[in-house]
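Results of the structural survey
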Amino acid sequence: MTTAETAPAPSMRLRELVFGAACAAALRATARLGVADALGDSPMPVEDLAAAVKAEPGPLRRLLRAMSCYGVFAEQGDGTFAHTEMSRLLREDDPHSLRYITLWCTEPWTWDAWPKLDEAVRTGDNVVQDLYGKEFFTYLNEDAPESALVFNRAMTTSSAQSARDVAQLLDLSGSASVADIGGGQGHVVASLLEKYPTLHGTLLDLPRVVENADPRLRPGGALADRMRIVPGDCRESIPVQADVYIIKNILEWDDESTARTLGNVMAAGGPGARVVVIENLVDDSPSMRFSTAMDLLLLLNVGGAKHTTESMVGRLTGAGLVIDDIRPVNPYLHAFDCTVPA
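Computed from a predicted structure; not experimentally measured. (Residues numbered from 1 in each chain as written. Predicted model: local features only at pLDDT ≥ 70, side-chain atom pairs only at ≥ 80, totals over all residues. Heavy atoms only, no water.)

**Side note on the overall build of the protein chain**
For the protein chain, the helix and strand inventory stands at 17 helices and 9 strands. At 22 Å, the protein chain has a C-alpha radius of gyration in line with the 20 Å of a compact globule built from 342 residues. Over its C-alpha atoms, taken along the principal directions, the protein chain stretches across nearly 70 × 50 × 40 Å. Across the 342 residues of the protein chain, 46% fall into the buried class. For the protein chain, long-range pairs separated by at least 24 residues make up 64% of all intrachain contacts whose partners lie at least 6 apart in sequence. Accessible area for the protein chain stands at about 16700 Å²; split by element, carbon and sulfur atoms hold 55% of it. Looking at charge distribution, the protein chain has the averaged site of its 30 positive side-chain charges lying 3 Å from that of its 46 negative ones. (Helix = DSSP H or I, 4+ residues; strand = E, 2+ residues; numbered from the N terminus. Rg over C-alpha atoms; globule rule 2.2 N^0.38 Å. Buried < 20%, exposed > 50% of the residue type's maximum accessible area, 1.4 Å probe, protein only. Contact = heavy atoms within 4.5 Å. Areas by Shrake-Rupley, 256 points an atom, 1.4 Å probe, with all protein chains shown as cover. Lys, Arg positive; Asp, Glu negative; His and termini not counted. Charge placed at Lys NZ, Arg CZ, Asp CG, Glu CD.)

**Overview of the environment of Gly232**
Inspection of the secondary structure puts Gly232 in the loop between strand S5 (227-231) and strand S6 (244-248). Taking relative accessible area as the criterion, Gly232 reaches 19% and is therefore assigned buried. With 86 residues separating them along the chain, Gly232 and Glu146 place their C-alpha atoms 25 Å apart. With residues up to four places along the chain from it excluded, the contact list for Gly232 reads Leu204, Asp205, Leu206 and Pro207.

**Observations concerning the pairing of strand S3 (residues 177-181)**
Among the 5 residues in S3, 5 count as buried, and that is most of the element. Alternating positions in S3 separate into two faces, Ser177, Ala179 and Ile181 on one and Val178 and Asp180 on the other, with burial throughout. The sheet contact formed by S3 and strand S4 (residues 200-205) spans 5 bridges and is parallel. Counterpart to Asp180 in the pairing with S4 is Leu203. (Pairing = 2+ DSSP bridges.)

**Points about the pattern of salt bridges**
Tallied over the full model, the rule gives 18 salt bridges. Residues Arg88 and Asp41 are paired through a salt bridge, measuring 3.5 Å at the closest nitrogen-oxygen approach. Placement of Arg88 in helix H6 (residues 85-88) and of Asp41 in the loop between helix H3 (35-38) and helix H4 (46-53) is noted, with a sequence separation of 47 residues between them. A residue is classified by how much of its surface remains accessible, and Arg88, at 30% relative accessible area, is partly exposed. (Salt bridge = Lys/Arg side-chain N within 4 Å of Asp/Glu carboxyl O.)

**Some remarks on the sheet that holds strand S7 (residues 274-279)**
Strand order in this open sheet of 7 strands is S5-S4-S3-S6-S7-S9-S8, and the pairing throughout is mixed. In the strand order of this sheet, the two ends are held by S5 and strand S8 (322-330), each with one partner. Strand-to-strand twist of the sheet, defined as the mean angle between neighbouring strand axes without regard to direction, takes the value 20°. (Axes fitted to C-alpha atoms, helices over the stretch in contact; angles between N-to-C directions.)

**Notes on the side chain of Asp214**
Inspection of the secondary structure assignment puts Asp214 in the loop between helix H14 (207-210) and S5. One polar contact links Asp214 to His187, side chain to side chain, over a distance of 3.2 Å. Among the polar contacts listed, one links the side chain of Asp214 to the side chain of Arg216, at a separation of 2.7 Å. Once you skip the residues sitting within four places of it in the chain, Asp214 turns out to touch Gln185 and His187. (Polar contact = N/O pair within 3.5 Å; in protein donor to acceptor, adjacent residues only side chain to side chain.)

Here it is as structure tokens:
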């Protein structure tokens, strides 16, 4: 029976880390095959699983054995395999599903980019431009539509899950309006409108993004009468006035773009406006391995970066905001609660 082992010797741990790509590839294969979706509540023989996912039993057993070493699935004494807490997160129907995050972080372009990390560290520039001759998101939308779809599904899933945590954390009882800037499909603003029945909201993001806004916010939706959807680029202008502005996980670009966005928010809100910036941090976080890995991936694809507490404070105060409070939202997000000074 294969089990997840703990505390290997340093030499073996380094050997395991060198084969990190094998673990990532195994997770991707498991997600693409749909093994977690095929496995029910009871342990199943590999032969039955193989038939369900249209795979060969022998190689599938090898894949599941490898995954079980990391606690993703559990091999039973009789050779069957059962779910674990982690393997259930690969199911598409799990409320906390990480299936599309798993696929996004192992998309084909990542296997082209990771070997060039030393180059990105030397220059401080992204490597995608040289790899594909285009900026990253242009490449995705023009040349890798399947990866673009996976990205959208991953961001939608992640946003929907964290939106509940954001809404639980923020007290907007004294506010009449909130604007979700670069808010994707609007899960955060939708959760806030559901929490506060008299609150009015605005969602601003690129046209191709907001055209797929949460159905609750679109005409005919349950929240549509208190909602305004505005297509636009927050780095160019923010034609939205509100009491509170939410900026979540978008200040990871170059410094100039970040400064322009913060300046636009301050100009739109005016003195006294509340600005809540929510970001992953690469310090003071129990999710450091994940956050630092995403930080390196940002360097590779767009030349961006995750922030430390210090660097985020520097960006916000440098823009002229007054920071009133810094609080964790959940294990991987922090909220910087700010005010536009008079």
